[in-house]
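Overview (structure and organization)
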Amino acid sequence: MYRRMTRKDELSEVLRLLEEAGLEPRVCDTMIPLSECPVCCGMPTMPGDNVYGSFIGLPSDLVGHQPELYVPAWGDSMTGAGIDTGDLLRVKLTQAIHDGDIVIAIIDGQSTLKVFYTDERGCHWLVPCNDRFDAILLTERDDLHMLGTVVGIEKPVVRGSSADCLKSIRRTLARQQERQKPDDEQAADVIRAVAGEVKNGRQWYAVYRALVDQQLQEEGCYSIFCQRVASAVPDHRHLPVAKELGRLAVQSFRRRVTLWRADDAPVGGQRFADYLRIARLTAEQIERA
């Protein structure tokens, strides 16, 4: 007696034939939403309404316990990671982000696709994979939300390398310093004004710290500060050494000058008083400039 095959029977027969052919077929029984709103591979842009136009099926054993989403990519800041306009990104929706992960971040309501990276100072960055774009420094002032990490694209996912991230960050900092030339000139004027009060190379730390407090010097960049001093007062008898300045950034000297304490400083007695006097004199000169 003839029995009409159901769709389930037909599927079972197809799977059997594929297995006999030496293949490993799997049923795509888990539906992943596909967003019609692309994520920007460039400067952050408004993410749109996150409309799910359709779904893509995957075998359940390929999908983790956390929800996922497919998002199209747009822009060229991630070409070095093999992500181009039109690529379909499979994104795991998670807040667990690690260095080197390619992430979708929403900053102040705008989305962007970048590599998450923490530099040697502990600063967090969103780093592009294209030299034409600047890295984005994340600060506490940012309204930041991590949508998730890219776990798959139509081609193999490429993680951002530490060397490329550091290269991009240094290039960004160099560009920022170029834009801050007026600050460099002001800092040079202040350095020249207080140079006569500095009696040894380590005392330049007081000048450095006061400039940091007034945002005329980036914290931790001792080499740049030493270069500024050497350029402003090249004939000074006691020019600073970056390594020596770094050793003073301990205890209360790590904080703003207004928080320095004689009982919690790397120097004491009259030496502490001299550092504090030079730092305060530097701050006065900055206010006058």
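Structure first, text after, so check above.
Predicted model, so just to flag it, every value in this text is computed and none were measured.

With respect to helix α5 (residues 222-232)
By the burial criterion, the buried members of α5 are Tyr222, Phe225, Cys226, Arg228, Val229 and Ala232. Projected down its long axis, α5 carries its buried residues within an arc of 155°, all on one side. In α5, the exposed positions that point more than 90 degrees away from the buried face belong to Gln227 and Ser231.

Topic: the pattern of salt bridges
Per the stated rule, a full pass over the model turns up 14 salt bridges. The salt bridge partner of Arg202 is Glu244, with a shortest N-O separation of 2.9 Å. With Arg202 in the loop between α3 (181-194) and α4 (204-213) and Glu244 in helix α6 (residues 242-247), the pair connects residues that are 42 residues apart, well separated along the chain. Classification of Glu244 as partly exposed rests on a relative accessible area of 25%. Among the charged side chains, a network of salt bridges with common partners joins Asp119, Arg121 and Glu218.

Examining the nonpolar core
Ranked by size, the top nonpolar core spans 35 residues in total, and within it Ile191, Trp204, Tyr205, Val207, Leu211, Phe225 and Trp260 carry the most contacts. Secondary-structure elements contributing two or more residues to this core are α3, α4, α5 and α7 (269-288). A per-element tally of this core places α4 first, with seven residues. In contact with Ile191, not counting residues within four places along its chain, are Trp204, Val207, Leu211, Phe225, Arg228, Val229, Ala232 and Val233. Of all hydrophobic cores here, the second largest spans 24 residues; its members include Leu69, Leu89, Leu113 and Leu166.

Some thoughts on the environment of Leu138
Structurally, Leu138 is set in the loop between β9 (136-137) and β10 (144-152). Judged by its relative accessible area of 12%, Leu138 is buried. Counting along the chain gives 12 residues from Leu138 to Leu126, while the straight-line C-alpha distance between them is 7.3 Å. Apart from the residues within four sequence positions on either side, Leu138 is in contact with Ile107, Phe116, His124, Leu126, Leu144 and Met146.

Examining the packing of aromatic side chains
Going through the model one piece at a time under the given rule, you end up with nine aromatic pairs. Where Tyr205 meets Tyr208, the ring centres are 5.4 Å apart and the plane angle is 45°; that geometry is what we call tilted. You can see Tyr205 and its partner Tyr208 sitting in helix α4, three residues apart, about one turn around the helix. Considered together, Tyr205 and Tyr208 belong to a single accessibility category, that of buried residues. With 5.0 Å between their ring centres and 50° between their planes, Tyr208 and Tyr222 make a pair best called tilted. Residue Tyr208 is found in helix α4, and its partner Tyr222 is found in helix α5; the two are separated by 14 residues along the sequence. With respect to burial, Tyr208 and Tyr222 carry one shared label: buried. Through a chain of ring-to-ring contacts, the aromatic side chains of Trp204, Tyr205, Tyr208, Tyr222, Phe225, Phe253, Trp260, Phe272 and Tyr275 assemble into a single cluster.

Considering the environment of Ala135
Note that Ala135 resides in the loop between β8 (124-127) and β9. Given a relative accessible area of 8%, Ala135 falls into the buried group. The sequence separation of Ala135 and Leu166 amounts to 31 residues, and the corresponding C-alpha distance is 9.8 Å. Once residues within four sequence positions are removed from consideration, Ala135 is found in contact with Trp125, Leu126, Val127, Pro128, Ser168, Ile169 and Thr172.

Topic: the side chain of Gln217
By the element assignment, Gln217 lies in the loop between α4 and α5. Given a relative accessible area of 6%, Gln217 falls into the buried group. Of the polar contacts made by the side chain of Gln217, one reaches the side chain of Arg228; its length is 3.0 Å. Not counting residues up to four positions away in its chain, the partners in contact with Gln217 are Tyr208, Leu211, Val212, Phe225 and Arg228.

Details of α4
Residues that lie three or four places apart on an α-helix share one face, since the helix turns once every 3.6 residues. Among the 10 residues in α4, 10 count as buried, and that is most of the element. Among all positions in α4, only Trp204, Tyr205, Ala206, Val207, Tyr208, Arg209, Ala210, Leu211, Val212 and Asp213 are buried.

Observations concerning the packing of α4 against α5
Where α4 meets α5, the closest approach of the two axes is 11 Å, and the angle between their N-to-C directions is 110°. By the angle class used here, α4 and α5 are roughly perpendicular. Facing α4, whose interface residues are Trp204, Tyr205, Val207, Tyr208 and Leu211, α5 presents Tyr222, Phe225 and Val229. A breakdown of the residues in the contact of α4 with α5 according to their chemical character gives eight nonpolar, no polar and no charged.

A word on the pairing of β10
Pairing between strand β5 (residues 88-92) and β10: three bridges, direction antiparallel. Each bridged residue has a counterpart across the sheet, and for Val91 the counterpart in β10 is Val150. Where strand β6 (residues 102-107) meets β10, five bridges bridge the pair, whose relative direction is antiparallel. Residue pairing across strands places Ala105 opposite Met146, the latter belonging to β10.

Here is what the cut-offs are and how they apply
- Residues numbered from 1 in each chain as written.
- Predicted model: local features only at pLDDT ≥ 70, side-chain atom pairs only at ≥ 80, totals over all residues.
- Heavy atoms only, no water.
- Buried < 20%, exposed > 50% of the residue type's maximum accessible area, 1.4 Å probe, protein only.
- Helix = DSSP H or I, 4+ residues; strand = E, 2+ residues; numbered from the N terminus.
- Arc of directions from axis to C-beta.
- Salt bridge = Lys/Arg side-chain N within 4 Å of Asp/Glu carboxyl O.
- Core = buried A, V, L, I, M, F, W, Y, C linked by side-chain atoms within 4.5 Å.
- Contact = heavy atoms within 4.5 Å.
- Phe/Tyr/Trp six-rings, centres within 6.5 Å; stacked < 30°, edge-to-face > 60°.
- Polar contact = N/O pair within 3.5 Å; in protein donor to acceptor, adjacent residues only side chain to side chain.
- Axes fitted to C-alpha atoms, helices over the stretch in contact; angles between N-to-C directions.
- Parallel < 35°, antiparallel > 145°, perpendicular 65-115°, else oblique.
- Nonpolar A, V, L, I, M, F, W, Y, C, P; charged D, E, K, R; others polar.
- Pairing = 2+ DSSP bridges.

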